[in-house]
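# Secondary and tertiary structure notes
Here is what each chain is made of, one letter per residue.
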Amino acid sequence: GSPYFHYVSYGLSNLYRDEEAVGGEHSGFGFELTMRVKAAANETAAPMWPVYLMQQLARYVFDSGNVFDDNHWAGTS
């Protein structure tokens, strides 16, 4: 098969225990973003555009409060 680059973000929730958040409402931000990008012919360095796209998706989640759920995905045809 063709080579791919696989990008995985940190979870969008707090990375460490937050005493103020304990017992509070569930934020829904406890998920990671992942992206698999097919490498172009002879491409050896991972492209940075997926990182920027994932940053924009995370910003959308935090700004809108809309969270992604299991099996939410975007693809190309």
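Residues numbered from 1 in each chain as written. Predicted model: local features only at pLDDT ≥ 70, side-chain atom pairs only at ≥ 80, totals over all residues. Heavy atoms only, no water.

## A few points about the overall build of the protein chain
Tallying secondary structure elements over the protein chain gives 1 helix and 2 strands in all. For the protein chain, the α and β elements follow one another from N to C terminus as β-β-α. Looking at the 77 residues of the protein chain, the share that counts as buried comes to 19%. Considering only residue pairs separated by 6 or more positions, the protein chain has 67% of its internal contacts joining residues 24 or more positions apart. Accessible surface computed for the protein chain: about 6,600 Å², of which carbon and sulfur atoms make up 51%. (Helix = DSSP H or I, 4+ residues; strand = E, 2+ residues; numbered from the N terminus. Buried < 20%, exposed > 50% of the residue type's maximum accessible area, 1.4 Å probe, protein only. Contact = heavy atoms within 4.5 Å. Areas by Shrake-Rupley, 256 points an atom, 1.4 Å probe, with all protein chains shown as cover.)

## Remarks on the packing of aromatic side chains
Counted by the stated rule, this structure contains 1 aromatic pair. Centre to centre, the rings of Tyr60 and Phe68 are 6.5 Å apart; their planes meet at 40°, and the pair counts as tilted. Residue class for Tyr60 comes out partly exposed when judged on its relative accessible area of 39%. For Phe68, a relative accessible area of 27% translates into the label partly exposed. Taking NZ or CZ as reference, Arg36 lies 4.0 Å from the ring centre of Tyr4, over its face. (Phe/Tyr/Trp six-rings, centres within 6.5 Å; stacked < 30°, edge-to-face > 60°. Lys NZ or Arg CZ within 6 Å of the ring centre and 35° of its normal.)

## Quick look at the nonpolar core
Counting 11 residues, the largest nonpolar core consists of Phe5, Tyr7, Leu12, Phe31, Leu33, Met35, Val37, Ala39, Met54, Ala58 and Val61. Those elements that place two or more of their residues in this core are β1 (4-8), β2 (34-38) and α1 (49-64). With 3 residues, α1 is the single largest residue contributor to this core. Among residues more than four places away in sequence, those in contact with Ala58 are Leu12 and Leu33. (Core = buried A, V, L, I, M, F, W, Y, C linked by side-chain atoms within 4.5 Å.)

## Points about the environment of Trp73
Along the chain, Trp73 falls in the segment after α1. Trp73 sits 38 residues away from Met35 along the chain, and the two C-alpha atoms are 9.5 Å apart.

## A few points about the confidence of the model for the protein chain
Here the protein chain shows a mean pLDDT of 79. Residues at 70 or above account for 74%. Element-level mean pLDDT values for the protein chain span from 90 in α1 up to 93 in β1. (pLDDT = per-residue confidence, 0-100.)

## Considerations on unusual backbone geometry
In this structure, Asn42 takes a positive phi of about 65° despite not being glycine. By secondary structure assignment, the location of Asn42 is in the loop between β2 and α1. The class of Asn42 is exposed, set by a relative accessible area of 80%.

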